[in-house]
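# Structure assessment
Residues per chain are reported as follows:
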Amino acid sequence: MSTTGLPAPATAGERPEPGERDRYRAYVLFALAVVGFMCAVDKVVITMFVEPIKKEFGLSDTQIGLMTGIAFAVMHGVASVPLARWADRGNRKWIIGGSFTVWTLMTAASGAAANFWHLLAARIGVGIGEAGCVPATHSMIGDYYPRHLRPRALGAHSAGTFLGMLGGMLGGGILVQTVGWRAGFFWLGLAGLVLAAIFHFTVREPVRVDAIAQPTAGTRLLDQLGDLRAYALLMVAFSTTSLAGSSVTVWLPSYYERAFALPPIHIGLGLGLCIGVATAIGSTIGGAVAVRHARHSRSWSSGYAAWATVLVMPFYLGSFHAPSALLSFVLLFAAYAVAGSILGPVFSTLQDLVSPGARATALAMVALAGVLVGQGLGPLLVGAISDALRVKG
């Protein structure tokens, strides 16, 4: 694919004009947001396919929780740290593009599953492929954008990722009612391969600007993580909030079908607007606000995230006690808008804490805690509790 019309990125021996540099890095941010969009689509679309898969294979809620939760999460988490360490030292563009190709192939393979174990293996493959995406992306953004602009850039990337939730849920609802879950997986895989090729031919690896300007504190990883107490607390906060969110997010389509008897397209639209659009709006606003306040304070972002996490809970809990689907969706929209506003500030705070040479690894380790505790245990716990209550009832 031709890259004519795209300004070339800076290399070690070039000094592009400011306008040219800004246009190119804006394009790269857009391209990375598209990769994040597809990452989210391929991750969450299975939640819209849960009911027909459950009926075809005769699965229990515990098996569904295993497939969408801990099996996917463990392999994703295990693969993310070495891939992130590679991203801190190697070519991030190749890591992101290769990961994109792998997980889209595994998404397509999900549609050919003959039984639960085949589908489980394919979803584990998706998890391994997606493990290389986010840490390398954040590291790349950290080199394209200076510190005071990172909250907005990271917020914009997060917005693209959560719009992928809308794409996955709304698109998944349409696909399952039109072509079925098997063909749905296949077409998503094909689309991903086309986008992976476009990414490969139009995005280039940036110079590690901060690593040149600020040599690392040491060669050991622990030396590069900065204030270990602050880093550990951020990891605990991230994993516990992930547990609260992921415990229910995977089961939201099933909840709305069982509680309000809504068809898949309506569920996909409602949840896509709540999880995708609301989080994207919150992420964009939170990143812009953080650019204004965090410029003069490195602690502002973390303090804001703590207060937003408290504020979100009444909206989140209220959505499950609402007497109607409409009111439930309205409260859920508010909850995800507030929750989304912390993404840019939190990820920017993480980059402030650690050495430039450990950005990807630091993010991967935090994400690993969030994946294992939140995405791993959360859906499985809810599925097991649901099965236990059904037996008692």
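Keep in mind that this is a model prediction, so the values were computed, not measured.

Under the defined criterion, the tally for this structure stands at 15 aromatic pairs. Seen in terms of ring centroids, Y255 and F260 are 6.1 Å apart; in terms of plane orientation they differ by 90 degrees. Their pairing is edge-to-face. Take Y255: its relative accessible area is 24%, and that puts it in the partly exposed class. Here the aromatic rings of Y256 and F260 are separated by 5.8 Å at their centres, their planes lie at 25 degrees, and the arrangement is stacked. Of this pair, Y256 and F260 both sit in helix α11 (residues 252-260), four residues apart, which is roughly one turn of the helix. An aromatic cluster of at least three residues, connected via ring pairs, comprises Y255, Y256, F260, Y316, F320, F329 and Y336.

What follows covers the packing of helix α3 (residues 92-110) against helix α7 (residues 180-202). α7 packs onto α3 with a crossing angle of 165 degrees between their chain directions and a minimal axis gap of 7 Å. Classed by the angle they form, the pair α3 and α7 counts as roughly antiparallel. In this structure, the crossing between α3 and α7 has a hand that is left-handed. Listed contacts from α7 to K93, W94, I96, G97, F100, T101, T104, L105, T107, A108 and S110 of α3 are W181, F185, F186, L188, G189, G192, L193, L195, A196, F199 and H200. Among the residues making up the contact of α3 with α7, the classes are represented as 13 nonpolar, eight polar and one charged.

Of all hydrophobic cores here, the largest spans 87 residues; its most connected members are F49 and I53. Discounting residues that sit within four places of it in the chain, F49 has contacts with G172, L175, V176, W181, G184 and F185.

Attention shifts here to α7. Taking 1.5 Å of rise per residue, 23 residues should cover 33 Å, and α7 covers 34 Å from first to last C-alpha, within 8% of that figure. If you check which residues of α7 are buried, you get W181, G184, F185, L188, G189, G192, A196, F199 and T202.

Here the focus is the confidence of the model for the protein chain. Confidence along the protein chain averages 80 in pLDDT terms, with 86% of residues attaining 70 or more. Note on residues 1-14: pLDDT is under 50 here. Beyond four places in sequence and across chains, it has 22 contacts. Counting contacts from residues 212-216, a segment whose pLDDT is below 50, to residues more than four positions away or on other chains yields five contacts.

Once that is clear, we can look at the environment of A122. Looking at where A122 falls in the secondary structure, it is placed in helix α4 (residues 116-130). Sequence-wise, A122 and A112 are ten residues apart; in three dimensions their C-alpha atoms are separated by 9.3 Å. Not counting residues up to four positions away in its chain, the partners in contact with A122 are M106, A109 and S110.

As a further point, take a nonpolar patch on the surface. A grouping of L269, L273, I281, I285, V289 and F333 is seen on the molecular surface, where their side chains present a nonpolar patch of about 460 Å² in accessible area. The greatest single-element share of the nonpolar patch, amounting to five residues, is contributed by helix α12 (residues 264-293). With respect to the helices, strands and loops of the structure, L273 is situated in helix α12. On the basis of relative accessibility, which here comes to 36%, the residue L273 falls in the partly exposed class.

A word on the pattern of salt bridges. Side chains that differ in charge, positive against negative, can pair when their charged atoms come close. Summed over all chains, the structure comprises five salt bridges. Between E51 and R258 there is a salt bridge, with the nearest N and O atoms lying 3.8 Å from each other. Residue E51 is located in helix α1 (residues 18-57), and its partner R258 is located in helix α11; the two are separated by 207 residues in the primary sequence. Classification of E51 by relative accessible area gives buried; the value is 14%. With a relative accessible area of 42%, R258 lands in the partly exposed category. The closest approach of N and O atoms between R85 and D88, which form a salt bridge, is 3.9 Å. Given a relative accessible area of 17%, R85 falls into the buried group. Accessibility expressed as a relative area gives 7% for D88, which makes it buried. One salt-bridge network, in which partners are shared between bridges, spans R92, D143 and E205.

Here is what the cut-offs are and how they apply
- Residues numbered from 1 in each chain as written.
- Predicted model: local features only at pLDDT ≥ 70, side-chain atom pairs only at ≥ 80, totals over all residues.
- Heavy atoms only, no water.
- Phe/Tyr/Trp six-rings, centres within 6.5 Å; stacked < 30°, edge-to-face > 60°.
- Buried < 20%, exposed > 50% of the residue type's maximum accessible area, 1.4 Å probe, protein only.
- Helix = DSSP H or I, 4+ residues; strand = E, 2+ residues; numbered from the N terminus.
- Axes fitted to C-alpha atoms, helices over the stretch in contact; angles between N-to-C directions.
- Parallel < 35°, antiparallel > 145°, perpendicular 65-115°, else oblique.
- Left-handed = near helix turned anticlockwise from the far one by under 90°.
- Contact = heavy atoms within 4.5 Å.
- Nonpolar A, V, L, I, M, F, W, Y, C, P; charged D, E, K, R; others polar.
- Core = buried A, V, L, I, M, F, W, Y, C linked by side-chain atoms within 4.5 Å.
- Expected span 1.5 Å × (residues − 1).
- pLDDT = per-residue confidence, 0-100.
- Patch = residues over 30% accessible without salt bridge, like charges linked within 9 Å, V, L, I, M, F, W, Y side chains within 5 Å.
- Areas by Shrake-Rupley, 256 points an atom, 1.4 Å probe, with all protein chains shown as cover.
- Salt bridge = Lys/Arg side-chain N within 4 Å of Asp/Glu carboxyl O.

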